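Here's the letter readout for the chains.
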Amino acid sequence: MTYIVNESCIKCKYTDCVEVCPVDCFYEGENMLVIHPDECIDCGVCEPECPVEAIKPDTEPDLEKWLEVNRDFAEKWPNITAHKEPLPGADDFTEEKGKFSKYFSDKPGEGD
């Protein structure tokens, strides 16, 4: 098992989860975070920290796509280990559905 970040993170990018991760397995894209599934130790401390419930265990149904998104972009994006402010207007996007097809960016973030 591992944890993944799903589309709820897109256009929000709260980083509360990053601060509590004991193995620094988060990676930063332009408008979302991902977890490297091979680095995650399945401790689960990040899941309750996410204010938009974007972090889920990969054992939940229908998350195969997100496991691949996390794996793929964790190899391409820079590591992030410190808290940053969320994206401007993040609170306006917390409830929106279908964000991947509308807003996902494959561009890397800044990392640490």
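What you are looking at is a predicted structure, and each value in this text was computed from that prediction instead of being measured.

Engineer: In this structure, what is going on with the packing of aromatic side chains? I would like to understand it.
Structural biologist: In this description, a pair of aromatic rings is defined by centroid distance and the angle of the planes. Summed over the entire model, instances satisfying the criterion amount to 6 aromatic pairs. On the numbers, 5.2 Å between centres and 65° between planes, the contact of Phe 73 with Phe 104 is edge-to-face. Placement of the pair is Phe 73 in helix α2 (residues 64-74) and Phe 104 in the segment after α3 (99-103), with a sequence separation of 31 residues. Just as Phe 73 is buried, Phe 104 falls in that class too. For the cation-ring pair, Lys 11 lies above Tyr 103, with the distance from its terminal atom to the ring centre recorded as 5.1 Å.

Engineer: I tried to follow the pattern of salt bridges on my own but got confused; where do I start?
Structural biologist: For side chains bearing opposite charge, pairing can occur when the charged atoms are close. Taken as a whole and judged by the stated rule, the model has 5 salt bridges. In this structure, Arg 71 and Asp 38 form a salt bridge, with 3.1 Å as the shortest nitrogen-oxygen distance. Residue Arg 71 is located in helix α2, and its partner Asp 38 is located in the loop between β3 (33-35) and β4 (55-57); the two are separated by 33 residues in the primary sequence. Given a relative accessible area of 29%, Arg 71 falls into the partly exposed group.

Engineer: Even after reading the chapter, I still don't get the nonpolar core, so can you show me in this structure?
Structural biologist: For soluble globular proteins, the rule of thumb is that nonpolar side chains tend to be buried together. Ranked by size, the top nonpolar core spans 34 residues in total, and within it Val 5, Phe 26, Met 32, Ile 35 and Ile 55 carry the most contacts. Elements with a contribution of two residues or more to this core: β1 (3-5), α1 (16-20), β2 (26-28), β3 and α2. No other element matches the 5 residues that α2 contributes to this core.

Engineer: Is there a simple way to explain α2 in this structure?
Structural biologist: Since one α-helical turn is 3.6 residues long, residues separated by three or four positions face the same way. Buried within α2 we find Trp 66, Leu 67, Val 69, Asn 70, Phe 73 and Ala 74. For α2, the angular spread of buried residues about the axis comes to 165°, placing them on one side. In this structure, the buried residues of α2 make contact with β1, β2, β3 and α3.

Engineer: What should I look at first to understand the side chain of Glu 28 in this one?
Structural biologist: Considering the arrangement of structural elements, one finds Glu 28 in strand β2. Reaching out from Glu 28, the side chain makes a polar contact with the side chain of Lys 13 at a distance of 2.8 Å. Among the polar contacts listed, one links the side chain of Glu 28 to the side chain of Lys 84, at a separation of 2.8 Å. Apart from residues lying up to four places away in sequence, Glu 28 is in contact with Lys 13, Leu 33, Trp 77, Pro 78, Ile 80, Lys 84, Pro 108, Gly 109, Glu 110 and Gly 111.

Procedures and definitions
- Residue positions within a chain follow its written sequence, with the count starting from 1.
- Residues qualify for local features only when their pLDDT is at least 70, as the model is predicted, and side-chain atom pairs are given and counted only at 80 or more; totals for whole chains, interfaces and linings, by contrast, use all residues.
- Where side-chain values are given, they derive from all heavy atoms of the structure, hydrogens and water being excluded.
- For this analysis, a ring pair means two rings from Phe, Tyr or Trp (six-membered ring only for Trp) whose centres lie within 6.5 Å, classed as stacked if their planes differ by under 30 degrees, edge-to-face if by over 60, and tilted for the remaining angles.
- By definition, any uninterrupted DSSP run of H or I lasting at least four residues is a helix, any uninterrupted run of E lasting at least two residues is a strand, and each is numbered from the N terminus.
- Relative accessibility decides the category of a residue: with a 1.4 Å probe and only protein chains considered, values under 20% of the type maximum give buried, values over 50% give exposed, and everything between is partly exposed.
- When the NZ atom of lysine or the CZ atom of arginine is within 6 Å of a ring's centre and also within 35 degrees of its normal, the charge is said to sit over that ring.
- A carboxyl oxygen of Asp or Glu within 4 Å of a side-chain nitrogen of Lys or Arg is what we treat as a salt bridge.
- Nonpolar cores are built from buried Ala, Val, Leu, Ile, Met, Phe, Trp, Tyr and Cys residues. Side-chain atoms within 4.5 Å join them into one set.
- Starting at the helix axis, one direction is taken to each C-beta atom, and the arc is that of these directions.
- Pairs of residues are marked as contacts when any of their non-hydrogen atoms sit within 4.5 Å.
- Polar contact is the term for a pair of N or O atoms within 3.5 Å; when the atoms are in protein, one must be able to donate a hydrogen and the other to accept it, and sequence-neighboring residues count only if both atoms are side-chain atoms.

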